[in-house]
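# Structural features, examined
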Amino acid sequence: MRVRVLLFAALREAVGEKTLELEVRGSATLADALAQLERQHPAIASHRGKLLIALNEERAPLSTALHDGDELALLPPVSGGSHGAWVGCPRDHKVG
Amino acid sequence: VTIRSQGAPWVDSAPLSLDALLREVAGPEMGGVVTFTGVVRNHARGEAIDHLEYEAFAPMAEKEMRKIVDGVHERWPHVRIAMSHRVGRLAIGEAAVMIAAAAPHRAEAFEACRFAIDRLKATVPIWKKEFAKSGSYWVEENP
């Protein structure tokens, strides 16, 4: 199945794209998609632990299952925020 | 980017209007209105700033701002609050964010306005890029 990935700010510039299309396996979770993205884009890997992941415009834990057509957004930290405010921020996510 | 068909926009590439926000919160029972305006300043980290750019994930920013409004209503049921954030290129002195909070009595209006700007800066997906003489960079940490 296919999901769309939105990139913003520093990450958008580092990757050089505003959106990416990602083909993931049927039972993929957010963590799986992120791992795939990190393999394909070193800039995403280098932001590991700093990003908040939104699924269809809502913060979501990395264990969330994906569905065809889902929209992921990789959100760098905002200027006035502390990491603590980024609920669900995958600081120590395991990439498998 | 303008998302809100009537009233003050949540996120807008056009200059913000405090009047539009004041109209949203006005009411005959409101004895105090507190406003906050965040303005682009000419320095950061000891460097002169030429201008800024703001980038938003607009639909999620709107959702997060609505959550702040809900949070205000939970804490201060009699407060009415409205907010707008600018995106795009901003010059020194231009308003980047505006909030208006109205309450029957001033104490709640002050508290709610402070709460809202602090939450907004921490939770709303809007990013700031500073353009200084030495280069440009996205601001990712709270100084």
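Treat the numbers as computed from the prediction; the structure is a model and nothing was measured.

## Details of the pattern of salt bridges
- This model, assessed by the stated rule, comprises 18 salt bridges over all chains.
- A salt bridge links R86(B) to E94(B); the nearest nitrogen and oxygen atoms lie 3.0 Å apart.
- For E94(B), a relative accessible area of 26% gives the class partly exposed.
- It is possible to trace a salt-bridge network through shared partners that takes in E57(A), E58(A), R59(A), K63(B), E64(B) and K67(B).

## Examining helix α2 (residues 30–40) of chain A
Residue and element names in this part refer to chain A.
- Along α2, eight of the eleven residues are buried, which leaves the element largely enclosed by surrounding structure.
- Where α2 is concerned, the buried positions are L30, A31, A33, L34, A35, Q36, L37 and E38.
- Packed against the buried residues of α2 are β1 (2–7), β2 (19–23), α3 (42–46), β3 (52–55) and β5 (71–75).

## Describing helix α2 (residues 58–75) of chain B
- For α2(B), with 18 residues, the first-to-last C-alpha span of 26 Å sits near the 26 Å given by 1.5 Å per residue.
- Within α2(B), burial applies to A58(B), M60(B), A61(B), E62(B), E64(B), M65(B), I68(B), V69(B), G71(B) and V72(B).

## Let's talk about the sheet that holds strand β1 (residues 11–12) of chain B
Residues and elements named next belong to chain B.
- Ordered by their spatial adjacency, four strands build an open sheet running β1-β5-β7-β2, and the pairing between neighbours is mixed. With partners counted over all chains shown, the strands left at the sheet margins are β1 and β2 (32–39), one partner each.
- Of the strand pairs in this sheet, β2 and strand β7 (residues 95–103) are connected by eight bridges, and their pairing is antiparallel. What sits directly across from F36, in β7, is I99.
- Of the strands in this sheet, β1 and β5 (80–86) touch α2, which is tilted by about 155° from β5.
- Sitting on the sheet, helix α3 (residues 106–123) is in contact with β2, β5 and β7, with an inclination near 145° to β7.

How each quantity is defined
Residues numbered from 1 in each chain as written. Chains lettered and ligands numbered in written order. Predicted model: local features only at pLDDT ≥ 70, side-chain atom pairs only at ≥ 80, totals over all residues. Heavy atoms only, no water. Salt bridge = Lys/Arg side-chain N within 4 Å of Asp/Glu carboxyl O. Buried < 20%, exposed > 50% of the residue type's maximum accessible area, 1.4 Å probe, protein only. Helix = DSSP H or I, 4+ residues; strand = E, 2+ residues; numbered from the N terminus. Contact = heavy atoms within 4.5 Å. Expected span 1.5 Å × (residues − 1). Pairing = 2+ DSSP bridges. Axes fitted to C-alpha atoms, helices over the stretch in contact; angles between N-to-C directions.

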